[in-house]
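So the chains spell out like this:
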Amino acid sequence: MAEPLPILLEKSIQIAWDYLERTGELGEPEVASRFLLDSMEGMIRRGERRQLVLSNRAIDSYKRFRAERTGLSLVS
């Protein structure tokens, strides 16, 4: 049985938040929370329901967003 969407969203955001906080990449909490929420809501609307996929994609998007905002480039 699938988790209700609010629970899925909450758990996915918490995973991403914890990771970004531990790695020192969280930045401004208000900006981070809005970005993660918007990013994951969009993925859920498109049908994604896997918690770790939501978290990992949102983390990657947020890192790119922060790099663009600060003028830094990510190295793969």
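These numbers were taken from a predicted model, which means no experiment stands behind them.

**Digging into the pattern of salt bridges**
Pairing is possible between side chains of opposite charge, provided their charged atoms come close.
At step 1: Counting across every chain of the model gives seven salt bridges.
At step 2: With its nearest N and O atoms 2.6 Å apart, the salt bridge here joins Glu3 to Lys11.
At step 3: Note that Glu41 and Arg45 form a salt bridge whose closest N and O atoms lie 3.8 Å from each other. Placement of the pair is Glu41 and Arg45 together in helix 2 (residues 29–45), with a separation of four residues, close to one helical turn.
At step 4: On the basis of relative accessibility, which here comes to 66%, the residue Arg45 falls in the exposed class.
At step 5: Connected through salt bridges with shared partners, the residues Glu48, Arg50 and Arg57 form a single ionic network.

**A few points about helix 3 (residues 51–70)**
At step 1: Helix length check: helix 3 (20 residues) gives 29 Å between terminal C-alpha atoms against 28 Å at 1.5 Å per residue, within 8%.
At step 2: Of the positions making up helix 3, those classed as buried are Val53, Leu54, Ser55, Ala58, Ile59, Tyr62 and Ala67.
At step 3: A positive backbone phi angle near 80° is found at Gly71, which sits one or two residues after helix 3.

**Here's the deal with the nonpolar core**
At step 1: Judged by nonpolar contacts, the single largest core of 16 residues is most densely connected at Leu20, Leu36, Met40, Leu54 and Tyr62.
At step 2: Only helix 1 (5–23), helix 2 and helix 3 provide two or more residues apiece to this core.
At step 3: Ranked by residues supplied to this core, first place goes to helix 2 with six residues.
At step 4: What Met40 contacts, discounting residues up to four positions off in sequence, is Leu9, Ser12, Ile13, Ala16, Leu54, Ser55 and Ala58.

**Comments concerning the side chain of Ser12**
At step 1: Of note, Ser12 is situated in helix 1.
At step 2: By relative accessible area, Ser12 is classed as buried at 0%.
At step 3: A polar contact is formed between the side chain of Ser12 and the backbone oxygen of Leu8, at a distance of 2.8 Å.
At step 4: Contacts of Ser12, omitting those with residues within four sequence positions, involve Met40, Gln51, Leu54 and Ser55.

About the criteria used
- Residues numbered from 1 in each chain as written.
- Predicted model: local features only at pLDDT ≥ 70, side-chain atom pairs only at ≥ 80, totals over all residues.
- Heavy atoms only, no water.
- Salt bridge = Lys/Arg side-chain N within 4 Å of Asp/Glu carboxyl O.
- Helix = DSSP H or I, 4+ residues; strand = E, 2+ residues; numbered from the N terminus.
- Buried < 20%, exposed > 50% of the residue type's maximum accessible area, 1.4 Å probe, protein only.
- Expected span 1.5 Å × (residues − 1).
- Core = buried A, V, L, I, M, F, W, Y, C linked by side-chain atoms within 4.5 Å.
- Contact = heavy atoms within 4.5 Å.
- Polar contact = N/O pair within 3.5 Å; in protein donor to acceptor, adjacent residues only side chain to side chain.

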